[in-house]
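# Summary of structural features
What follows is each chain in one-letter form.
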Amino acid sequence: MTETNRTVRLAQRPGVGVPGPDTWTIADEAMPEASDGEVLVRVDYVSLDPAMRGWINAGKSYIEPVEVGAVMRAGGVGEVVASRHPGFNPGDAVEGMTGIQRFAVLPGRDLHAIDLSVAPAPTWLGVLGMPGMTAYFGLLDVGQAEAGQTVVVSAASGAVGALVGQIARIRGCRVVGLAGGPEKCAYVTDTLGFDACIDYKAEGMFKALAAAVPDRIDCYFDNVGGPILEACLSLLNRRARIVLCGAIAGYNDPSKLSGPRNYMALLVARARMEGFVVFDYADRFAQAQAEIGAWLKSGEVHAREDIREGLDSFPSALADLYSGGNFGKLIVRP
Ligand code: NDP
């Protein structure tokens, strides 16, 4: 039987709100073929990321928007099927921007070999992939977290947040997470080893957070923005750092992200808030992957993936990211 490709393409740009099923066209297509310098990859897992919401809006941010009609941009891992690039052979395990599809053709220069003896393929989209790099460089380079300090991280059970807190723990920090619901909070403390986790959906979030940071906050790793950012601003220590990693609370409706009203707390605390984009650290990814890989092997870092079956699950899986319906790094197996 001849194989066909199956793709998820952007059908139209969504308005305000979580993108509905009519945002996408999911269809079978002819198999793509590799030209000189290119590689044909069977995509085994694709990464679903909150930033996808921004990539499908018109207008450039830190990256060009996905064009209407194009295959949806995504990181993926898979196996080389055919290669016309000297660096790759059929059977090689690789990672790259494959898009949401079953087979992808990429220039060999844009692919990276991955070592499946270090961790299984999905983990190369999680703690060893882009979210892992985000946690590592955001916390250590931008957040400058040091032993004995208090680190707070939001979306703490998610792909980035879970690793932020685990690295902070390994570095000797007091670590407090915020997550939605008792089940996620229990995972964050009992499995990931955070000192405390606040269920931000329950009553009294600010009081609970204040009680969990008796020495106030030296580093807040912000994945969400909104009311949690304002709460953390009010609890900063002198010379604290806020790592502006993301603001998922406003991705589907920017009007939800007014403020922060109390940003003068930065002045009072002589603190700073700094944004960063993980791709700027690409030349240091291998170093971070080696260190995180060693932590995985020793059991000091726990990796959790939430894997959905089939490309047709993509629209509802993506929506889950914005309601907390995922538990761990969200991945689709095409
Ligand atoms: P996650 O795996 O953490 O999934 C998203 C989680 O966000 C949900 O599970 C939910 O968890 C939480 N969430 C959703 N809506 C809200 C809300 N309104 N308030 C509070 N929490 C909410 O995603 P990632 O780890 O992949 O991404 C985390 C953040 O990191 C995102 O903001 C993303 O854009 C950013 N990022 C930034 C990068 C950079 O270079 N700056 C690179 C990669 C990611 P819960 O159930 O706990 O509410």
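Right, let's walk through the structure included here. (Residues numbered from 1 in each chain as written. Predicted model: local features only at pLDDT ≥ 70, side-chain atom pairs only at ≥ 80, totals over all residues. Heavy atoms only, no water.)

## Here we look at the environment of alanine 210
Locating alanine 210 in the fold gives a position in helix α5 (residues 205-212). Taking C-alpha positions, alanine 210 is 8.8 Å from cysteine 232, a pair spaced 22 residues apart along the chain. (Helix = DSSP H or I, 4+ residues; strand = E, 2+ residues; numbered from the N terminus.)

## Thoughts on empty space enclosed by the protein
Taken as a whole and assessed by the stated rule, the structure comprises one cavity of 30 Å³ or more. Put simply, the largest cavity is a space of about 90 Å³. Val127, Ala159, Ala162, Ala303 and Arg304 are the residues nearest the centre of the largest cavity, which is lined by 15 residues in total. Per-element tally for the lining of the largest cavity: the top contributor is helix α3 (residues 159-170), with four residues. Residue composition of the lining of the largest cavity, grouped by class: six nonpolar, six polar and three charged. (1 Å grid on protein atoms, 1.4 Å probe; cavity = no way out; pocket = protein on both sides within 12 Å on 5 of 7 lines; lining within 4 Å. Points joined across faces, edges and corners; volume = space filled by probe spheres on them. Nonpolar A, V, L, I, M, F, W, Y, C, P; charged D, E, K, R; others polar.)

## Comments concerning the state of the cysteines
Tallied over the entire structure, the rule returns zero disulfides. The closest cysteine sulfur to the non-disulfide-bonded cysteine 219 is located on cysteine 173, 7.8 Å from its own sulfur. A residue is classified by how much of its surface remains accessible, and cysteine 219, at 0% relative accessible area, is buried. Cysteine 232 takes part in no disulfide bond, and the closest cysteine sulfur, belonging to cysteine 219, lies 10 Å away. Among the residues examined, cysteine 232 registers a relative accessible area of 0% and is labelled buried. (Disulfide = S-S within 2.5 Å. Buried < 20%, exposed > 50% of the residue type's maximum accessible area, 1.4 Å probe, protein only.)

## Quick look at the packing of aromatic side chains
Evaluated as defined, the whole model comprises eight aromatic pairs. One cation-aromatic arrangement involves arginine 73 over tryptophan 55; the distance from NZ or CZ to the ring centre is 5.3 Å. Between the NZ or CZ atom of arginine 304 and the centre of the ring of phenylalanine 327, over which it lies, the distance is 3.6 Å. (Phe/Tyr/Trp six-rings, centres within 6.5 Å; stacked < 30°, edge-to-face > 60°. Lys NZ or Arg CZ within 6 Å of the ring centre and 35° of its normal.)

## Considering the environment of arginine 241
Here arginine 241 shows up in strand β12 (residues 236-244). Other than its neighbours up to four places away in sequence, arginine 241 contacts Val142, Gly143, Gln144, Ala145, Gln149, Asp218, Cys219, Tyr220 and Arg272. A distance of 3.1 Å separates the side chain of arginine 241 from the backbone oxygen of glutamine 144, its partner in a polar contact. (Contact = heavy atoms within 4.5 Å. Polar contact = N/O pair within 3.5 Å; in protein donor to acceptor, adjacent residues only side chain to side chain.)

## Some thoughts on unusual backbone geometry
Even without a glycine there, the phi angle at glutamine 144 is positive, about 50 degrees. Mapped onto the secondary structure, glutamine 144 falls in the loop between α2 (130-142) and β8 (150-153).

## Quick notes on the sheet that holds β8
Strand order across the open sheet formed by six strands is β10-β9-β8-β11-β12-β13, with parallel pairing between neighbours. Only two strands of the sheet have a single partner each, and these edge strands are β10 (196-199) and β13 (272-275). Within the sheet, the average angular offset between the axes of one strand and its neighbour, ignoring direction, is 15 degrees. Where β8 lies against strand β11 (residues 217-222), three bridges are found, and the strand directions are parallel. Looking at the pairing, valine 151 lines up with cysteine 219 of β11. Against the sheet, α2 makes contact with β8, β11, β12 and β13, and its axis sits at roughly 150 degrees relative to β11, the strand it touches most. Helix α4 (residues 182-191) rests against β9 (174-179) and β10 of the sheet, and its axis sits at about 170 degrees to β10. (Pairing = 2+ DSSP bridges. Axes fitted to C-alpha atoms, helices over the stretch in contact; angles between N-to-C directions.)

## Quick look at the pattern of salt bridges
Applying the stated rule across the entire model yields 14 salt bridges. A salt bridge links aspartate 49 to lysine 329, with the nearest nitrogen and oxygen atoms 3.1 Å apart. You can see aspartate 49 sitting in the loop between β3 (38-47) and α1 (52-55) and its partner lysine 329 sitting in strand β15 (residues 329-333), a full 280 residues away along the chain. In this structure lysine 329 comes out as buried when scored by relative accessible area, which is 3%. One salt bridge in this structure joins arginine 261 and glutamate 230, with 2.7 Å as the shortest N-O distance. In this pair, arginine 261 sits in the loop between β12 and α7 (265-268) while glutamate 230 sits in helix α6 (residues 226-233), placing the two residues 31 residues apart along the sequence. By relative accessible area, which is 13% here, glutamate 230 ends up buried. Salt bridges here are not isolated pairs; linked through shared partners, they connect Arg6, Asp28 and Asp312. (Salt bridge = Lys/Arg side-chain N within 4 Å of Asp/Glu carboxyl O.)

## Focus on helix α8 (residues 285-298)
Helical geometry: 3.6 residues make up each α-helical turn, so side chains three or four residues apart lie on a common side. An ideal rise of 1.5 Å per residue puts 20 Å on 14 residues; α8 measures up with 20 Å between its terminal C-alpha atoms. Along α8, the residues classified as buried are Phe285, Ala288, Ile292, Gly293, Trp295 and Leu296. For α8, the angular spread of buried residues about the axis comes to 160 degrees, placing them on one side. Turned more than 90 degrees away from the buried face of α8, the exposed residues are Ala286, Ala290 and Lys297. The inward-facing, buried residues of α8 abut α2 and α3. Looking one or two places after α8, you find glycine 299, whose phi comes out positive at around 85 degrees. (Expected span 1.5 Å × (residues − 1). Arc of directions from axis to C-beta.)

## A word on α4
Along α4, the residues that are buried comprise Lys184, Cys185, Tyr187 and Val188. Viewed end-on, α4 has its buried residues packed into an arc of 160 degrees, placing them on one side of the element. Along α4, exposed side chains directed more than 90 degrees from the buried face belong to Pro182, Glu183 and Asp190. Where α4 is buried, its residues meet β9 and β10. Note on α4: the residue one or two positions beyond its end, glycine 193, has a positive phi of about 80 degrees.

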